[in-house]
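Coordinate analysis (summary)
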Amino acid sequence: MLKTNLPLLIVKDTVLLPHSEIKLEIKNQIDKKILSLSENSFNNYLFVICTDKDIVKDNKFPIYGLVAQIKVKLELPNGNGTRVTLCGIQRAQAINYVLDKDIYNSSLIKIKKSDVNPNMEIALSNKIKSQLNELIEMNPNIGNSILSSIDNINSVDELTDRVSGFLELNYERKSKYFYEVDPIKRANLLIDDLSYELNLLEYERDIDERVSYNLDSSQREFLLKEKFKVISEELGIDNENPEVTLMKEKLSKLKCDSVIYDRISDEINRYKLCNSNSPEVGILRNYIDTMLSLPWNKSTKDNEDIDEIRNTLNESHYGMQEAKDRILEYIITKKYSNNKNTPIICLVGPPGIGKTSLAKVVAKALKKEVVKISLGGINDEAEITGHRRAYVGAAPGKIIKGLERVGVNNPVFIIDEVDKMTKDIKGDPASSLLEVLDKEQNDHFVDHFVEEGFDLSKVMFILTANYIDKIPPELRDRLEIIELNSYTVLEKVCIARNYILKKLYKEFKIEDLNLDDEIITKIIKNYTKESGVRELERVLRKLIRKSICYKLDGINFNLNNLESILGNSKYNSTDNYNNDIGVINALSYSMYGGMIVKIESCRFPGNGNINYSGNIGKEMVESINVAWAYIKSHYDKFKLELDDITKYDYYVNLADYNFVKDGPSAGINIVTSILSLIKDKKIKNNVSMSGEITLSGKVLKVGGLKEKLVVCLENDIDTLYLSNDNKIDINNLDDIYKDGIKIKFIDNYLDIFKDLFKK
C-alpha cells in the first residue's frame, strides 16, 4: 500500500489526522495536477503536509507528514474548482523532496515504532476513554458515537489519533498531534486537553447553578413579599420597611406643592416594591433623598434694616461704592414694591480685589444663607443642568446641589469665574446657565436629574469674572455688570490699615506693630505687584509671623530694615526709567492692573519694512502695521524726507516679555516712538498716552482708565494724552485718580505731534 514515492499536497490552515477525514475545495491549478497525478499513477495516494506558513518559498519542508488517500473527488460546475475528501492513513517520514514540473515528489520511509510498555498503554487508553466518557456525559451537545468506534481499540497510537480528531481544537494545538510521532507523548497531550475541557465545563456548570440560584431567590423573595403584604393588610399589621417609614415621615414634614408631594410619594412606593437586588434600588434611593432634601418652600427672612446693611458693607470692604449702592437699591425697592425679581449682579475686576468676599458680605448683611460654586474650566452642560437618571452615577447639577446643601430657596448664590467656562463637544454650559439666570423662566427651572420644576426666582445670584469681554455675549445680556477697578497705593494703604491689619491682629492675638503709612507703602511697592490686596495680605501675614518668632527668640524687630525681615525687594518701586530717543511710555491693563510698557524703536539700512517683537498678540500686530502705514502715508505732514522711510527697515519692540501684550490701545504710542527715532527727539518719561489710531490719524477711545491713571500716579507721569471720546469716562472718576495729572484730550494724532515735536 505504501509507495516509496508519492506526490506532495500542502494543506493550509487545516489538520488531517490518521483515521479521520477532511473535505477540501481545490482551486489551484498545481494542486489539481497533484490530485490527477495521484489518481492516475499512485492509486489515489499522496503525501500530505499541514501548515500555516509558506514552506515552499522558505524552502523549509518538515520531516514528517501523513499518507492520505483520495476518497471522493468531484469537479464543481463552471470550472469553479474540485471538491475532494481525503482520508488519513498513517504518518511517514520524508527523506527527500524533488521538484518535477511544478510538482514536488516526496521520498518516504516508514516511521520506526517506539517500544511501548503494555501496562502503560492499557493505563493510558483507559484514562483517555474514561475522560472522554465523562466529557460526553457533562456536555449534552456532544454525540456519543465516538465511544462505540473506540470501544475495542487498545492501541494508544490509533486511539489518540481518533479521539484528537474528534475534539474541537484550534489549529495550533491540533497541528501538534499531527507532527508528534511518539504515541505516548500524544497520549499525554490528549489527557491534558481532555482535562482542560472537563474543568471548563465544570466552571460553566457552577456559573449556571449560581445564576439559577440567584434568579430563584429573587423570584421567591418577590412572591413572599407580595404574600406577606396581602396577609398583613388582612390582619392590620404594619410590615413596612424602616427606611420607607423614615422616608414617609420626612415627606409628611416637607413643605412642597402637591405635584412634588405626589411625585415623591410615587417614587417611595416604587422603592418599597423594588427588589433589594435590583440595580434600580440605589438610583431610586438617591433620587428620593435628593427630592426630600431640597428646600421647595423653605425660605429665610431678609434683613431690611438699611442702616445695618450699609454699616456691614462699609465695615467689611473699602470703596466699591457702586456695588454697595446697587445692593441697597435692591433692598429699598423690594420693601416698597411687589416685584420679587432679584438682581443678577456680575462683579468684574482683576484677581484679589475682593469680588467673592464682597458677595459673601452681601449675604451676611442681608442675613441670607450663602452658597458658592466655581465654573472655571467647566465644559459639560450636565454640571449645570444635571444628568438624566438613565445614566450610571447620575447626579443633580451644581445649582440644585448648592440649594440642597444650603437648605433654603432664597440664598445668595455666588457663581465664580463665569468667564472661564469652555465650550466643546460635551456642550455649552453658558447656554445652560441662561435658563438659571433668566427671570422669565427660572421660576420653573428643571434639572435633568430632578425632573421637576424648581423656583429659582427668590435666589440672589452674584457672579464674578476677571474679564468682561470673555463673558459669553448671550450671558452678559442678562447681567448687571459692576466693574471693580484696581486699587491705588493710597487705597491699599487704607485697606491694609483699617481692614487687613485689624483682622490679622485679632487672628494672631497680638498688639499693634506700629506700622506707619510709609512702611506699608514701601511693602506695597517693593513686595507686591497686583490689582487687589491678596498678595499684600500674605506679606503682612508673613511680617506678623516674623515678629512673633523674633520676640520669642529675643531678636530686635526693626521695621525700618524690611530687607532683613522680608528679604530683598521683589519688584522695583518704579518701572519708569529715563527714556532714550525712540522710547515712549505706553500704559497697559492686565490681570495685575495697570502697568508701564516701554515701546522702543530702532532702524537700520533696508527697504522701508517694519518688524516687531515683545510677546505681542494679533491686535497689537495690527496696531503696529496701521501705525507704520499712517506714518508712511502722511510723511509730508510730519516734515519727513521719503528717504527716511524707504532707505531703512524699522524695528519696534515692546519691553517686558513676562505677559502677552494685546489690545487696541497702543497705536499712538507706536507712532510717537518711531517719529521720536526719525526726528531724533527724546520724549520725557513724565509723558504717556493711550489710544488706538486709524489710517487717517483719528485717535480712538480705550478702556482700563482707572488702572492706567493709577500707574501714572505711582510713576510720576504728569502728562497723559487720551481720545476725546474718553472725556466722559474721565469725568466719572473720582478726583483722587486725576489729581496731579494733566490730561490732554485729542481727536487726531496731529494734535500730539504739534504738542511734542513742534515746541
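Quick look at the structure, then. (Residues numbered from 1 in each chain as written. Predicted model: local features only at pLDDT ≥ 70, side-chain atom pairs only at ≥ 80, totals over all residues. Heavy atoms only, no water.)

1. Describing the overall build of the protein chain
What the protein chain contains, in helices and strands, is 27 helices and 22 strands. Across the 759 residues that make up the protein chain, the buried fraction comes to 47%. Within the protein chain, residue pairs in contact and separated by at least 24 positions form 72% of the contacts whose partners lie at least 6 positions apart. Accessible area for the protein chain stands at about 39800 Å²; split by element, carbon and sulfur atoms hold 48% of it. (Helix = DSSP H or I, 4+ residues; strand = E, 2+ residues; numbered from the N terminus. Buried < 20%, exposed > 50% of the residue type's maximum accessible area, 1.4 Å probe, protein only. Contact = heavy atoms within 4.5 Å. Areas by Shrake-Rupley, 256 points an atom, 1.4 Å probe, with all protein chains shown as cover.)

2. Here we look at the sheet that holds strand β8 (residues 370-374)
Strands sit in the order β8-β9-β12-β7-β13 across an open sheet of five strands; the sheet is parallel. Only two strands of the sheet have a single neighbouring strand rather than two, namely β8 and β13 (480-483). Each strand of the sheet is rotated relative to its neighbour by a mean of 20°, with strand direction disregarded. In this sheet, strand β12 (residues 460-465) lies alongside strand β9 (residues 412-416) in parallel orientation, the contact comprising four bridges. Across the sheet, F413 pairs through a bridge with F461, a residue of β12. Strand contacts of helix α15 (residues 398-406): β8 and β9, with the helix running at about 150° to β8, the strand carrying the most contacts. (Pairing = 2+ DSSP bridges. Axes fitted to C-alpha atoms, helices over the stretch in contact; angles between N-to-C directions.)

3. Points about the packing of aromatic side chains
Enumeration according to the criterion identifies 13 aromatic pairs in this entry. Ring centres of Y630 and F638 lie 5.6 Å apart, and the angle between their planes is 75°; on these two criteria the pair is classed as edge-to-face. An identical accessibility class is assigned to Y630 and F638; each is buried. Ring geometry for F753 versus F757: centroids 5.3 Å apart, planes at 25°, classification stacked. (Phe/Tyr/Trp six-rings, centres within 6.5 Å; stacked < 30°, edge-to-face > 60°.)

4. Looking at the pairing of strand β6 (residues 103-109)
Of all the seven residues making up β6, six are buried; the element is thus mostly covered by neighbouring parts of the structure. Where strand β1 (residues 5-12) lies against β6, three bridges are found, and the strand directions are antiparallel. What sits directly across from L6, in β6, is S106. In this sheet, β6 lies alongside strand β5 (residues 82-100) in antiparallel orientation, the contact comprising seven bridges.

5. Focus: empty space enclosed by the protein
According to the stated counting rule, one finds three cavities of 30 Å³ or more in the structure shown. Volume-wise, the second largest cavity comes out at about 50 Å³. In this structure, the second largest cavity is lined by L313, A323, K324, I327, I345, L347, L358, V362, I462 and I482. Elements supplying a minimum of two residues to the lining of the second largest cavity: α12 (321-336), β7 (345-348) and α13 (355-366). In terms of residue count, α12 provides more of the lining of the second largest cavity than any other element does, three residues in total. Of the residues in the lining of the second largest cavity, the class split is nine nonpolar, no polar and one charged. (1 Å grid on protein atoms, 1.4 Å probe; cavity = no way out; pocket = protein on both sides within 12 Å on 5 of 7 lines; lining within 4 Å. Points joined across faces, edges and corners; volume = space filled by probe spheres on them. Nonpolar A, V, L, I, M, F, W, Y, C, P; charged D, E, K, R; others polar.)

6. Regarding the layout of surface pockets
Taken as a whole, the second largest pocket encloses approximately 730 Å³ of empty space. Lining the second largest pocket are 28 residues, with H317, G354, S357, V533 and E537 sitting closest to its centre. Residue assignment for the lining of the second largest pocket shows that the elements contributing at least two residues are α11 (306-316), α13, β12, α18 (489-508) and α20 (534-553). Residues belonging to the lining of the second largest pocket are distributed by class as follows: ten nonpolar, nine polar and nine charged.

7. Let's talk about a negative patch on the surface
Taken together, the side chains of E134, E137, E202, E204, D208 and E209 present a region of like negative charge at the surface. Sorting the residues of the negative patch by element identifies α3 (118-138) and α7 (183-235) as the ones contributing at least two each. Of all the elements, α7 adds the most residues to the negative patch, at four residues. Here D208 shows up in helix α7. (Patch = residues over 30% accessible without salt bridge, like charges linked within 9 Å, V, L, I, M, F, W, Y side chains within 5 Å. Salt bridge = Lys/Arg side-chain N within 4 Å of Asp/Glu carboxyl O. Lys, Arg positive; Asp, Glu negative; His and termini not counted. Charge placed at Lys NZ, Arg CZ, Asp CG, Glu CD.)

8. Observations concerning the side chain of T464
Checked against the element boundaries, T464 lands in strand β12. A polar side-chain atom of T464 sits 2.4 Å from a polar atom in the side chain of D416. For T464, the residues in contact, after removing those within four places along its chain, are L347, K355, T356, I415, D416, E417 and V418. (Polar contact = N/O pair within 3.5 Å; in protein donor to acceptor, adjacent residues only side chain to side chain.)

9. Thoughts on helix α9 (residues 258-273)
Helix length check: α9 (16 residues) gives 23 Å between terminal C-alpha atoms against 22 Å at 1.5 Å per residue, within 8%. Of the positions making up α9, those classed as buried are I260, R263, I264, E267, I268 and Y271. Down the axis of α9, the sector holding all buried residues measures 135°, keeping them to one side. More than 90 degrees from the buried face of α9, the exposed residues found are S258 and V259. (Expected span 1.5 Å × (residues − 1). Arc of directions from axis to C-beta.)

10. Remarks on the packing of α3 against helix α5 (residues 156-166)
Where α3 contacts α5, the two axes come as close as 10 Å, and the packing angle between them is 20°. The angle between α3 and α5 falls in the class roughly parallel. With respect to the hand of their crossing, α3 and α5 are arranged in left-handed fashion. Between α3, through E121, L124, S125, I128, K129 and L132, and α5, the contact on the second element is made entirely by V156, L159, T160, V163 and F166. The residue inventory of the contact of α3 with α5, partitioned by class, reads seven nonpolar, two polar and two charged. (Parallel < 35°, antiparallel > 145°, perpendicular 65-115°, else oblique. Left-handed = near helix turned anticlockwise from the far one by under 90°.)

11. A few points about the side chain of K368
Relative to the assigned elements, K368 resides in the loop between α13 and β8. Residue K368 is classed as buried on the basis of its relative accessible area of 8%. At 3.1 Å, the side chain of K368 forms a polar contact with the side chain of D302. Leaving out residues up to four positions away in the same chain, K368 has contacts with T300, D302, Y330, A363, N410, P411, V412 and K458.

12. A few points about the pattern of salt bridges
Under the definition given, this model contains 33 salt bridges. Two residues, K367 and E308, come together in a salt bridge whose shortest N-O distance is 3.6 Å. You can see K367 sitting in the loop between α13 and β8 and its partner E308 sitting in helix α11, a full 59 residues away along the chain. Each of R263, E267, R270, R389, E451 and E452 takes part in salt bridges that share partners, so that together they form one network.

13. Here's the deal with the state of the cysteines
Tallying each qualifying case throughout the model produces zero disulfides. Here C50 stays free of any disulfide, with the sulfur of C87 as its closest cysteine sulfur at 13 Å. (Disulfide = S-S within 2.5 Å.)

14. Some remarks on helix α22 (residues 618-633)
The end-to-end C-alpha separation of α22 is 23 Å, in line with the 22 Å expected for 16 residues at 1.5 Å each. Within the sequence span of α22, burial applies to M620, V621, S623, I624, A627, W628, Y630 and I631. Those residues of α22 that are buried lie in contact with β16 (610-613), α23 (642-646), β17 (648-654), α24 (667-679), β19 (692-693) and α27 (749-757).

Any functional reading would require information beyond the geometric quantities listed.
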